[in-house]
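Below, each chain spelled out in residue letters.
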Amino acid sequence: MRILCVVLLWFPCAGWRAFAACPAREALYGAPVVYTLPSNDPFSTAKSHVLLSGDYDGDGLLDCCVLNRHAPHICILRGNGDGTFRAPEAYVLPETESTVYEGMCQGDLDGDGNLDFAAVDFYGGRLAVVFNDGNAGLSPATVYSTGGGSYPHGIQAEDMDGDGDLDLVVTYDLAAAVAIWKNDGKGVFTLFNMVPTQGVRPQNVGIGDFDGDGDLDYAAANSEWIGGGVPSVTIFRNGGDGRAAFVQRILTPPASGPCSCRVADLDGDGALDLVVGSWTDASVCVLWGNGKGEFSEAQVLRAPPSSTAVEPAIADLDRDGALDLVVALFEPIAENPTRFALMIFWGDGARGFTAGPFLPAGVNPRYPVVEDFDRDGDPDIASVQWYDSTVEVFENLCAPGQRFVRGDSNADGRFNVADAVTVLGYLFASTPAPSCLDGADINDDGAVNVADPVTLLGYLFAGRPPPPPPFAVCGYDPTEDALGCEAYPPCD
């Protein structure tokens, strides 16, 4: 006797969506929630400078961190997970009579799993490294001298020599060089080399594997604003050990002052591109990479006249699959001299950008950061205000969807064979559909089929990888598909 086995694959009909409805993208962000930062400097009005975000206290929620430029301290705002933050906690940085902290970065510098900080003192010629104990408790700073006349300005933490720990990449402004400080793996740094930037007054670098060889390369944003030089971005290729060779110099508009450089694959061609902000004019420059370490001439996007488009951030703000830009307008727009704002450029994923809305901000906004601060599945925006000494958080107004845990198909809060049985019963025995089809899509391929219980059983009994996020904790589906989630009580 022969037994004929027929395997049926079921694909859901369209109409359910993982993401809830959003307003028109011109109205995607509401008025900001404002947080005032402390200051211990009674003589200076220029305070807040750099904004970062991460989980600094290990509670699984995003926090914010602000560098105060003149009254030198780091402020941490612990996140509540709903888009709001607790009162700032200040940590004082070491200073001299001439101290001005221009740049700060974060990363696990000592290999203990916690986000640490490194900041550069421009006039003091120093590098300060601060370690985090995992609960946002910060150590006394370890200070390194960058040398007289170096004027360190920007700093990034990346593994430049491929040894598995984070090194520090520092731009030396008046010395016109990029310095690599190597990490010994425990958070002790040694100056490794300095490379002339082939340009004047480098402000910051953008770092990425530009040529696809597995090593991190970098691009320097050279402001050239003193001495009448030509502003530019210079490209350097990493030899694999942190030593870099000059590749290319790309000019930016004559009135521009390149001050920041962000890295992303904007057009989805597999090659990294660069987005460069300016602190002297309204230009935002996009340089398209060819995947071989070289970049195109600058495509120039324009903010309103009289404004300066500093520190662009890159994210898919409207969730259409194309990356957008949000820039801080450090100077007011010409038609309204009292108006400061963030500005959005909508990307089409094919090298086109459309000028979008202004988000009214405090005085002289800087360093926009895009994160899902309220954990509702869409990107929010935060920025720091230079003169207001405030942090502003703009909530994305897309209505949140249903949070769930992938793999818990029967929504009982556990992972076991019963979840695989639930999916198989739905597919082949006419049992009711799970209340959260997203949770039953265990391999996250956009369909509920026999591969899903196979994925779960492989994880439970055969040592296979766990299902994709959100797994083990409640969250939103990061993949847009035709499935939906009507109810998942364990996450309500």
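Residues numbered from 1 in each chain as written. Predicted model: local features only at pLDDT ≥ 70, side-chain atom pairs only at ≥ 80, totals over all residues. Heavy atoms only, no water.

1. With respect to the overall build of the protein
- Looking only at helices and strands, one finds 3 helices and 28 strands in the protein.
- Whereas a compact globule of 492 residues would reach a radius of gyration of roughly 23 Å, the protein reaches 25 Å, a difference of no more than 12%.
- C-alpha atoms of the protein, sized along the principal axes, occupy 90 × 50 × 45 Å.
- Per-residue burial for the protein yields a buried fraction of 54% across its 492 residues.
- At a minimum sequence separation of 6, the contacts of the protein that also span at least 24 residues come to 52%.
- On the protein, roughly 19600 Å² of surface is accessible, and the fraction owed to carbon and sulfur atoms is 56%.
- Across the protein, the mean location of the 26 positive side-chain charges is 2 Å away from that of the 69 negative side-chain charges. (Helix = DSSP H or I, 4+ residues; strand = E, 2+ residues; numbered from the N terminus. Rg over C-alpha atoms; globule rule 2.2 N^0.38 Å. Buried < 20%, exposed > 50% of the residue type's maximum accessible area, 1.4 Å probe, protein only. Contact = heavy atoms within 4.5 Å. Areas by Shrake-Rupley, 256 points an atom, 1.4 Å probe, with all protein chains shown as cover. Lys, Arg positive; Asp, Glu negative; His and termini not counted. Charge placed at Lys NZ, Arg CZ, Asp CG, Glu CD.)

2. Quick look at a nonpolar patch on the surface
- On the surface, Val-417, Val-421, Leu-457 and Phe-461 cluster together to form a nonpolar patch covering roughly 360 Å² of accessible area.
- Put simply, the parts of the chain that give the nonpolar patch at least two residues each are α1 (417–428) and α3 (451–461).
- Summarising the element assignment, Leu-457 is placed in helix α3.
- When its relative accessible area of 31% is taken as the criterion, Leu-457 is described as partly exposed. (Patch = residues over 30% accessible without salt bridge, like charges linked within 9 Å, V, L, I, M, F, W, Y side chains within 5 Å. Salt bridge = Lys/Arg side-chain N within 4 Å of Asp/Glu carboxyl O.)

3. Some points on the environment of Val-286
- If you trace the backbone, Val-286 turns up in strand β20 (residues 283–287).
- A residue is classified by how much of its surface remains accessible, and Val-286, at 0% relative accessible area, is buried.

4. Remarks on the sheet that holds strand β13 (residues 189–196)
- Across the sheet, which stays open at both edges, the 4 strands sit in the order β10-β11-β12-β13 with antiparallel pairing between neighbours. Here the strands that pair on one side only, and so sit at the sheet edges, are β10 (152–158) and β13. Averaged over neighbouring strand pairs, the angle between their axes works out to 20 degrees when direction is ignored. (Pairing = 2+ DSSP bridges. Axes fitted to C-alpha atoms, helices over the stretch in contact; angles between N-to-C directions.)

5. Thoughts on the state of the cysteines
- All told, the structure shown has 2 disulfides when counted by the stated rule.
- The disulfide that involves Cys-436 links it to Cys-485, with 2.1 Å between the sulfurs. Residues Cys-436 and Cys-485 share a disulfide whose torsion about the S-S bond is about -115 degrees; that sign makes it left-handed. Of this pair, Cys-436 sits in the loop between α1 and α2 (437–440) while Cys-485 is found in the segment after α3, placing the two residues 49 residues apart along the sequence.
- Overall, the relative accessible area of 4% leaves Cys-436 in the buried class.
- One disulfide bridge connects Cys-474 with Cys-491, the sulfur atoms lying 2.0 Å from each other. Disulfide Cys-474-Cys-491: the torsion about the S-S bond is -90 degrees, which places it as left-handed. Here Cys-491 lies in the segment after α3 and Cys-474 lies in the segment after α3, a separation of 17 residues in the sequence.
- Taking the relative accessible area as the measure of exposure, Cys-491 reaches 9% and is therefore buried. (Disulfide = S-S within 2.5 Å.)

6. Points about the environment of Tyr-151
- For Tyr-151, the location among the structural elements is in the loop between β9 (142–145) and β10.
- We classify Tyr-151 as partly exposed; its relative accessible area is 25%.
- Spatially, the C-alpha atom of Tyr-151 lies 4.7 Å from that of Phe-122, the residues being 29 residues apart in sequence.
- Apart from the residues lying within four places of it in its own chain, the contact partners of Tyr-151 are Phe-122, Tyr-123, Thr-171, Tyr-172, Asp-173 and Leu-174.

7. Some thoughts on the packing of α1 against α3
- Two elements in contact, α1 and α3, have axes separated by 9 Å at closest approach and are oriented at 170 degrees. Between α1 and α3, the angle falls in the class roughly antiparallel. α3 is crossed by α1, and the crossing has left-handed handedness. Where α1 abuts α3, its residues Val-417, Asp-419, Ala-420, Val-423 and Leu-424 lie against Pro-453, Leu-456, Leu-457, Leu-460 and Phe-461.
- Across the contact of α1 with α3, the residue classes break down as 9 nonpolar, no polar and 1 charged. (Parallel < 35°, antiparallel > 145°, perpendicular 65-115°, else oblique. Left-handed = near helix turned anticlockwise from the far one by under 90°. Nonpolar A, V, L, I, M, F, W, Y, C, P; charged D, E, K, R; others polar.)

8. A look at the layout of surface pockets
- Looking at the largest pocket, its volume works out to about 850 Å³.
- The wall of the largest pocket is formed by 33 residues, among which Leu-51, Leu-52, Gln-156, Cys-261 and Arg-262 lie closest to the centre.
- Among the elements that make up the lining of the largest pocket, the one with the highest residue count is β10 (6 residues).
- Looking at the lining of the largest pocket residue by residue, the classes come out as 19 nonpolar, 9 polar and 5 charged.
- Each pocket or cavity is described by its volume, and for the second largest pocket that value is around 370 Å³.
- The set of elements that each furnish at least two residues to the lining of the second largest pocket consists of β14 (202–208) and β26 (365–371).
- Taken together, the residues of the lining of the second largest pocket break down into 8 nonpolar, 4 polar and 6 charged. (1 Å grid on protein atoms, 1.4 Å probe; cavity = no way out; pocket = protein on both sides within 12 Å on 5 of 7 lines; lining within 4 Å. Points joined across faces, edges and corners; volume = space filled by probe spheres on them.)

9. Section: the side chain of Glu-224
- Along the chain, the position of Glu-224 falls in the loop between β15 (217–222) and β16 (232–238).
- Residue classification places Glu-224 among the buried positions, given a relative accessible area of 5%.
- For Glu-224, the side chain forms a polar contact with the main-chain nitrogen of Val-200, separated by 2.9 Å.
- Within the structure, Glu-224 has its side chain in polar contact with the side chain of Arg-249 (distance 3.4 Å).
- With residues up to four places along the chain from it excluded, the contact list for Glu-224 reads Gly-199, Val-200, Arg-201, Gly-229, Val-230, Pro-231, Ser-232 and Arg-249. (Polar contact = N/O pair within 3.5 Å; in protein donor to acceptor, adjacent residues only side chain to side chain.)

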